[in-house]
Amino acid sequence: FQVNRGSIAMDRRKFSQMVALTGAAGLMGRSMPARSQVRQIRIVNSGGASADAAAAAYGKPFTSKTGIQVVTEGPNLLGKLRALVETGNSSTTLFVLGAMAFEQAKSLNLIRKLDWQKIDPMPMFPETRNDYGLGFIFYSTLMAWRKGQRAPNDWAQFFNSQDFPGKRALPDNPIYVLPAALLAAGVPMEKLYPLDVDLAFQKLSVFKKDVSIWWKSGVQPPQLLRDNEVQYAMAWSGRVNGQEGVEYSFNQASLDISFMVVVRTAVDAEVDAAYKYLHEMTVAENQAIYYGIDPYPGNSPSLEKLLPPEAVKKFETAANNKSVQYYHDAKWWYTQGDAVERRWQQFKLSL
């Protein structure tokens, strides 16, 4: 991502690593340069296609209007953000966080409250406008299968190897697997949280015989499906979108948001400049450029009007797709993740 689409919440140290994507108060009293001295802002992101897309879609118009250069670096580990704040480092202004890391960053007082009046955003989906972060891309974790296989309608069918024969690939990541197991057990999406962890692991003990690969990288599922190493896989939407020979469904998928946040120790003048960058992230036309490079939709309800109908069908936030997905409860994972991780490690020993 990547924007750490595999983030999960665990014990404080494990959470920081697996959110990948982990208090200290910001140091005050530093001298602040005048606005005219701002020559650049520094952003920490995940690199790859996401960074390339952001540079073209948001960095270019921002620099064109302000003359301020954008410098990016990675990776966007939460531990890196924490180190910046604890050492009083003011070199970085903006930081990309997945939903789970975002929740922890707020709890640890690592990020600033946003001034939405200065951002002056275009219309946004309400869930992307947070006091402490601007949600800028949506991504889904969904069921995918090799073309020619019988298409499952839900997770119950996905895990039904008798009627849907074939090998499965799942992420080594309980934040995605446990809810899918509960949905397969018949728990309605709107009642997933708080998770019934016992029931989820009970169902997984039955399903595990059909899982041949527990993947760790989002690039694996589409490759495994194309190579016919597995016939069904849980995958990230942007990884399977447009992949020849791979089909997928948004039904019962989890919908997540990645946030752009302001580092607590950032220089005030650079923060004011960064608000203009954040504004560019709310412009639908800019988001269309982003989508053309990295196929994940942004926060504008108007974006789908700018794209071809075929693209909208594969859109995570198109009305028909968004309505059949669910959001993770990041606060639940932050408080319960350590216990879940211990259970997950015990479960893996049984594989």
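Scroll up for the structure.
### Notes on the pairing of strand β1 (residues 40-44)
Residues in a regular strand project their side chains so that they alternate between the two faces of the sheet.
Next, step 1: By the bridge criterion, five bridges tie β1 to strand β2 (residues 69-73) in an arrangement that is parallel. Residue Gln 40 lies in a different strand from β2, and its bridge partner there is Gln 69.
Next, step 2: Regarding the hand of the β-α-β motif, the stretch spanning β1, helix α2 (residues 48-66) and β2 is right-handed.
Next, step 3: The pairing of β1 with strand β3 (residues 94-97) spans two bridges and is parallel. Opposite Val 44, over in β3, you have Phe 95 as the bridge partner.

### Thoughts on the side chain of Gln 325
Next, step 1: Within the secondary structure, Gln 325 sits in the loop between α14 (319-322) and α15 (330-349).
Next, step 2: Here the side chain of Gln 325 touches Ser 140 through a polar contact of 2.5 Å, side chain to side chain.

### Some thoughts on the nonpolar core
Next, step 1: Ranked by size, the top nonpolar core spans 105 residues in total, and within it Leu 81 and Tyr 277 carry the most contacts.
Next, step 2: Ranked by the residues each element gives to this core, the list is headed by strand β9 (residues 246-262), at ten residues.
Next, step 3: Beyond its immediate stretch of four places on either side in the chain, Leu 81 contacts Phe 95, Leu 97, Ala 105, Leu 110, Ile 111 and Val 263.
Next, step 4: Membership of the second largest hydrophobic core comes to eight residues, among which are Tyr 291, Ala 311, Phe 315 and Ala 318.

### What to know about helix α12 (residues 284-293)
Helical geometry: 3.6 residues make up each α-helical turn, so side chains three or four residues apart lie on a common side.
Next, step 1: Residues of α12 that are buried: Ala 284, Asn 286, Gln 287, Ala 288, Tyr 290 and Tyr 291.
Next, step 2: Along its buried surface, α12 packs onto α2, β5 (133-146), α11 (268-280) and α13 (309-313).

### Considering unusual backbone geometry
Next, step 1: Between Gly 74 and the following residue, Pro 75, the backbone shows a cis peptide bond with an omega angle of 0°.
Next, step 2: Its place among the elements puts Pro 75 in the loop between β2 and α3 (78-86).
Next, step 3: Following Tyr 193, the chain continues to Pro 194 via a peptide bond in cis, the omega torsion being 0°.
Next, step 4: Of note, Pro 194 is situated in the loop between α7 (174-184) and α8 (197-207).
Next, step 5: Here the phi dihedral of Asn 109 falls at roughly 60°; this positive angle occurs in a residue that is not glycine.
Next, step 6: In this structure Asn 109 comes out as partly exposed when scored by relative accessible area, which is 29%.

Conventions adopted
- Residues numbered from 1 in each chain as written.
- Predicted model: local features only at pLDDT ≥ 70, side-chain atom pairs only at ≥ 80, totals over all residues.
- Heavy atoms only, no water.
- Pairing = 2+ DSSP bridges.
- Helix = DSSP H or I, 4+ residues; strand = E, 2+ residues; numbered from the N terminus.
- Right-handed = clockwise from strand over helix to strand, strands pointing away.
- Polar contact = N/O pair within 3.5 Å; in protein donor to acceptor, adjacent residues only side chain to side chain.
- Core = buried A, V, L, I, M, F, W, Y, C linked by side-chain atoms within 4.5 Å.
- Buried < 20%, exposed > 50% of the residue type's maximum accessible area, 1.4 Å probe, protein only.
- Contact = heavy atoms within 4.5 Å.

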